[in-house]
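As a plain string of letters, each chain reads:
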Amino acid sequence: MRAATRMDYAAQVTSFLLGQMPKLLAGFAVTLTVAVAAIPLALAFGMLLLAPRLSGRGLIRGAVQAYIEVMRGTPLLLQIYLIYFGLPLIGLFPSEFTCGVVGIALQHGAFLCELYRGAIESVSQRQWEAGRAIGMTRLAVFRYAILPQALMKVLGPLGNQLIVLIKDTSLVSAIGVMELTLTGKMVIERSAASFEIFVAVALFYLIVTAAVGAGFRLAEQRYAGRL
Amino acid sequence: MPDVLAKNLPYLLSGAVMTLWLSLAVVSLSTALGFIIGTLGAVGGRTTRAFVTAYIFILRGIPVLVVMFLGYYAFPAFGYRANAYVAVGAAQIVYAGAFVAEIVRSAILSVPAGQIAAARGLGMPRAKILMHVVFPQAVRLAIPPLLNTSLTTIKQTSYASVVGAWELTYAAREVVERTLAAFQIFLGVMAIYFCICYPLSALSRWCEGRFVVAH
Amino acid sequence: MIEVVQLTKSFGELRVLDGISFGVDKAEVVVVLGPSGSGKSTLLRCVSFLEPYDGGEIRIDGELVGYRMSGRGQRVPRSEAENARHRQQVGMVFQSFNLFPHKTALENVMMGPLHARGQTKAEALEIGLSLLAKVDLSDKANEYPIRLSGGQQQRVAIARALAMRPKVMLFDEVTSALDPELVGEVLIVIRELAREGMTMIIVTHEIPFARDVADRIIFMDKGLIVEEGAPGQVLMAPASQRLQLFLRRYQGDYLAT
């Protein structure tokens, strides 16, 4: 392309993108809402799975382990489809939004449980001894010595997992939730737009994931000095 | 086996075959791409390393589905009529390649500096140090996370269905929309994916236990 | 005050303690010497009941450690709460310090009073400050362990153990992981404790220190007590060949076999 046409093209694209901004922002808002809804659910679900995973009786622990393996071995998209298409068959009619959020939380909760477990197990056995040696009960040692250290160690992997979660919200577009990715697709199909829309979409995601990543890295650095 | 699942099993299994082909292509090509880029990112000059860092940062920060859509719409925009598989496959290769590159780069950089110093002390030329000292250890360090990444890539081939490429998940949704037997079909297809993925997942877990490199 | 009778312990096939018997009086300092693998650490860990023991008895002030006798005369493990309370009376300092890295030196010392004994923050603070002063680390109260030298960390560890006002202090090779120039500052603290009348069992390799501070020396090898006696006698005129060999190595003849 010659310089003049290139500039025209750039001007065209930019003005078009700016025109679509309201739609994209709306989609972005939905993406954020899905993430904000799914994250606490996933964090809590992972915590719920943790106790049986670590110390439950054989049968329960086996069930949790099996669940985690299934989550590791099957795509999130299928799980979301299962919920969305399956629940109406048993008389439940949750919204697409709910299906998506629940699907994401169920899978990421499993991964988060493993993350928590890894962090706890990475705290040295000697810390347990040190706590018991001054007469603390196992529960007290866990609460005041092990858990705080595990929390500091979990920050890195946790940040990464949450970034994956935020990116996974794009999957709910497959069941019709009008989040950012589906919005992009709609814009392309309804106007004469081309792939530049998705460059804008990508930029939105990049801003969020970069911000979350930076935030967690800052938090990590605060404690990295001690451990 | 439940009847609807049984009746549609051949169709679904052919979808599984497509998924396997896709997975094979994407995993192998993205691993190759990632190795090259990752190595460049570890040992290249300052501009090269900057480019690699940017590439990794950008691709890891956006959803693979968006990259697939980009690929799907970019090809015709530039005048190429590629079929859905090529477009989506290429996109996924570029995406997964970024993750492989990061793993390879950090593995190379984690080889203890003392080893490299020792090799230089023996008078080994730089290329040989790379080949005989750094790479073998980097590969050992990289294998567990690479297995994990391959596992993720295989699962992500299912997202191609959202963009319109036909594979196992696409086939599953087709069957369910026709028969409404959501539980049978989706659970059955999950089982198929599990059969494909579990060996890799188990191998990856086993490796994590075994490949702790003693320094 | 401490009675150990025919103590046995095995780890799987390996018999680590093979019938140990000795006693420690109040305010007495007993030093345990021996080659690695002789069971010295395991002995201390059994006294503190960080490890259960298989046979024999450990009694502190007459009370059986770790177990109780059931009505039918059988030995039954004590509850975790009882064992925790027992460990409050037995202070233990480890070779690898084991400070809590996420807490400052002061907070480390306060951990026991706060979370094992349930004292108030004010009480714990007072105990913490006075003990840090005792080990000469008042100026490091708000530092995290990572910024302290090995010797300083070990002194904090001693203060942390003392915060529980134990009846007896156990020291498990507490200077073995330290650089030589840092060893002295820790030994000074231990010697001061001895002078104040603390009952102590010390496992160490520092022979001159042992001679200086011990009321009695026990030499262990392969899970048994081989020799026992006053420092002057045991160290100057060792009776057994194994002890002679051990001492020769530590006194410079490092090739002795």
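Residues numbered from 1 in each chain as written. Chains lettered and ligands numbered in written order. Predicted model: local features only at pLDDT ≥ 70, side-chain atom pairs only at ≥ 80, totals over all residues.

Visitor: Help me out: how do you make sense of the overall build of chain C in this one?
Guide: A tally of helices and strands in chain C yields nine helices and twelve strands. The globule rule puts the C-alpha radius of gyration for 257 residues at 18 Å, and the 19 Å found for chain C is close to it. By its C-alpha atoms, chain C is 55 × 55 × 35 Å across when sized along the principal axes. Sequence-distant contacts, at least 24 apart, represent 63% of the contacts inside chain C between residues at least 6 apart. (Helix = DSSP H or I, 4+ residues; strand = E, 2+ residues; numbered from the N terminus. Rg over C-alpha atoms; globule rule 2.2 N^0.38 Å. Contact = placed C-beta atoms within 7 Å.)

Visitor: Would you mind showing me how to read the overall build of chain B here?
Guide: Across its full length, chain B holds nine helices and zero strands. Moving toward the C terminus, one meets the helices and strands of chain B in the order α-α-α-α-α-α-α-α-α. Structurally, chain B occupies a C-alpha span of about 70 × 45 × 25 Å along its principal axes. Relative to its 215 residues, chain B shows a buried fraction of 44%. Long-range pairs, those at least 24 residues apart, make up 78% of the contacts in chain B with a sequence separation of at least 6. (Buried ≥ 20, exposed ≤ 12 C-beta atoms within 10 Å, placed from the backbone.)

Visitor: What should I look at first to understand the interface of chain C and chain A in this one?
Guide: By convention, interface size is frequently given as the accessible area that disappears when the constituent parts associate. If you look at the interface, chain C gives 23 residues, while chain A gives 19 residues. When contributions to the side of chain C that touches chain A are tallied by element, the ones reaching two or more residues are helix 2 (80-89), helix 3 (105-115) and helix 5 (150-162) of chain C. Per-element accounting of the side of chain C that touches chain A gives the leading share, six residues, to helix 2 of chain C. Taken together, the residues that form the side of chain C that touches chain A break down as twelve nonpolar, seven polar and four charged. (Nonpolar A, V, L, I, M, F, W, Y, C, P; charged D, E, K, R; others polar.)

Visitor: Hey, could you run me through the pairing of strand 8 (residues 90-93) of chain C in this one?
Guide: All names here are of chain C. In strand 8, alternate side chains face the same way, and those of Val 90 and Met 92 on one face and Gly 91 and Val 93 on the other are all buried. Pairing between strand 8 and strand 9 (residues 168-172): four bridges, direction parallel. Paired with Val 93 across the strands is Phe 171, a residue of strand 9. (Pairing = 2+ DSSP bridges.)

Visitor: For this particular structure, what's the right way to read the sheet that holds strand 12 (residues 224-229) of chain C?
Guide: Paired through backbone hydrogen bonds, the strands of a sheet run either parallel or antiparallel to each other. Residues and elements named next belong to chain C. Strands sit in the order 8-9-10-3-11-12 across an open sheet of six strands; the sheet is mixed. The strands lining the two open edges of the sheet, one partner per strand, are strand 8 and strand 12. Within this sheet the neighbouring strands show an average axis-to-axis angle of 20 degrees, counted without direction. Relative to strand 10 (residues 199-203), strand 3 (residues 29-33) runs parallel, the two sharing four bridges. Within strand 10, the position partnered with Val 32 by the bridge is Val 203. Relative to strand 10, helix 6 (residues 180-195) is tilted by about 150 degrees, and along the sheet it contacts strand 3, strand 9 and strand 10. (Axes fitted to C-alpha atoms, helices over the stretch in contact; angles between N-to-C directions.)

Visitor: For this particular structure, what's the right way to read the pairing of strand 3 of chain C?
Guide: On any regular strand, side chains alternate: one points to one face of the sheet, the next to the other face. Residue and element names in this part refer to chain C. Among the five residues in strand 3, five count as buried, and that is most of the element. Across the two faces of strand 3 the burial is the same, with Val 29, Val 31 and Leu 33 and Val 30 and Val 32 all buried. In the sheet, strand 3 pairs with strand 11 (residues 216-221) via four bridges, with the strands oriented parallel. By the bridge assignment for strand 11, Leu 33 is matched with Phe 219.

Visitor: Can you help me understand unusual backbone geometry in this one?
Guide: All names here are of chain C. Positive phi values are uncommon outside glycine, yet Ala 27 reaches one of about 70 degrees. Looking at the secondary structure, you find Ala 27 in the loop between strand 2 (14-24) and strand 3. A count of 13 C-beta atoms within 10 Å places Ala 27 in the partly exposed class. Even without being glycine, Phe 97 reaches a positive phi, approximately 55 degrees. With respect to the helices and strands, the residue Phe 97 is situated in the loop between strand 8 and helix 3.

Visitor: Looking at this structure, how should I read the interface of chain A and chain B?
Guide: Facing the 31 residues of chain A at the interface are 29 residues of chain B. Breaking the side of chain A that touches chain B down by element, the ones donating at least two residues are helix 2 (58-73), helix 3 (76-86), helix 7 (180-190) and helix 8 (196-224) of chain A. Its residues assigned to classes, the side of chain A that touches chain B shows 18 nonpolar, nine polar and four charged.

Visitor: I tried to follow the sheet that holds strand 5 (residues 63-64) of chain C on my own but got confused; where do I start?
Guide: Residue and element names in this part refer to chain C. In spatial order, the strands read 2-1-4-5; together these four strands make up an open sheet with antiparallel pairing. Each having just a single partner strand, strand 2 and strand 5 make up the two edges of the open sheet. As judged from the five bridges shared by strand 1 (residues 2-11) and strand 4 (residues 55-60), these two strands associate in the antiparallel manner. Paired with Thr 8 across the bridge in strand 4 is Gly 55.

Visitor: What's the story with helix 5 of chain C in this structure? I'm lost.
Guide: Since the α-helix advances by 3.6 residues per turn, residues separated by three or four positions end up pointing in the same direction. All names here are of chain C. Between the first and last C-alpha of helix 5 there are 18 Å, a value that for 13 residues agrees with the 18 Å anticipated at 1.5 Å per step. Burial of helix 5 is extensive: twelve of the 13 residues sit out of reach of the surface. Those residues of helix 5 not exposed but buried are Gly 151, Gln 152, Gln 153, Gln 154, Arg 155, Val 156, Ala 157, Ile 158, Ala 159, Arg 160, Ala 161 and Leu 162. Where helix 5 is buried, its residues touch strand 8, helix 3, helix 4 (121-134), strand 9 and helix 6. (Expected span 1.5 Å × (residues − 1).)

Visitor: Where do I start with the nonpolar core in this structure?
Guide: Generally speaking, soluble globular proteins have nonpolar side chains that are buried together. Core analysis: the biggest nonpolar cluster contains 119 residues, and A:Ile80, B:Val66, B:Met68 and B:Phe186 have the highest contact counts within it. Ranked by residue count, the leading element in this core is helix 4 (residues 84-110) of chain B, at 15 residues. Every residue in contact with B:Met68, bar those within four places of it in the chain, is listed here: B:Val88, B:Ala91, B:Gln92, B:Tyr159, B:Ala160 and B:Val163. Core analysis: the next-biggest nonpolar cluster, separate from the first, contains 85 residues, C:Val47, C:Met92, C:Leu106 and C:Ile158 among them. (Core = buried A, V, L, I, M, F, W, Y, C linked by C-beta atoms within 7 Å.)

Visitor: When you look at the arrangement of the chains in this model, what are you seeing that I'm missing?
Guide: Here two pairs of chains make contact, and the pair sharing the most contacts is chains A and B. Across all C-alpha pairs, the smallest distance from chain B to chain C is 20 Å, and the two are not in contact.

Visitor: In this structure, what is going on with the packing of helix 1 (residues 3-43) of chain B against helix 8 (residues 168-179) of chain B? I would like to understand it.
Guide: The description of two helices packed together rests on the angle between their axes and the distance between the axes. All names here are of chain B. Across the interface, helix 1 lies against helix 8 with an axial gap of 7 Å and an inter-helix angle of 155 degrees. On the basis of the axis angle, helix 1 is roughly antiparallel to helix 8. Seen from above, helix 1 lies across helix 8 with right-handed handedness. For the pair helix 1 and helix 8, the contacting residues are Val 4, Asn 8, Tyr 11, Leu 12, Gly 15, Ala 16, Met 18 and Thr 19 in the first and Leu 168, Tyr 170, Ala 171, Ala 172, Val 175 and Thr 179 in the second. Partitioning the contact of helix 1 with helix 8 into residue classes produces ten nonpolar, four polar and no charged. (Parallel < 35°, antiparallel > 145°, perpendicular 65-115°, else oblique. Left-handed = near helix turned anticlockwise from the far one by under 90°.)

Visitor: Can you walk me through the environment of A:Ala174 in this structure?
Guide: Relative to the helices and strands, A:Ala174 is located in the loop between helix 6 (138-168) and helix 7. Residue class for A:Ala174 comes out buried when judged on the 23 C-beta atoms lying within 10 Å of it. Those residues in contact with A:Ala174 that sit more than four places away from it in its chain are A:Leu77, A:Ile80 and B:Val162.

Visitor: Honestly, the packing of helix 2 (residues 46-61) of chain B against helix 4 of chain B in this entry has me stumped. Any pointers?
Guide: Residue and element names in this part refer to chain B. Where helix 2 meets helix 4, the axes come as close as 9 Å, and the angle between the chain directions of the two elements is 120 degrees. It follows from the interaxial angle that helix 2 and helix 4 lie oblique. Crossing hand, helix 2 versus helix 4: left-handed. Side by side, helix 2 and helix 4 meet where Val 52, Tyr 55, Ile 56, Leu 59 and Arg 60 of the first sit next to Val 94, Tyr 95, Ala 98, Phe 99, Ala 101 and Glu 102 of the second. For the contact of helix 2 with helix 4, the per-class residue count stands at nine nonpolar, no polar and two charged.

Visitor: For this particular structure, what's the right way to read the environment of B:Trp21?
Guide: Residue placement: B:Trp21 occurs in helix 1. Spatially, the C-alpha atom of B:Trp21 lies 23 Å from that of B:Ile36, the residues being 15 residues apart in sequence.

Visitor: Explanation requested: the confidence of the model for chain C in the structure shown.
Guide: Caution applies to low-pLDDT regions: their predicted coordinates should not be interpreted in detail. Averaged over all residues, the pLDDT of chain C is 90; the fraction at 70 or higher stands at 98%. The complex prediction reports pTM at 0.84, with the ipTM value standing at 0.88. (pLDDT = per-residue confidence, 0-100.)

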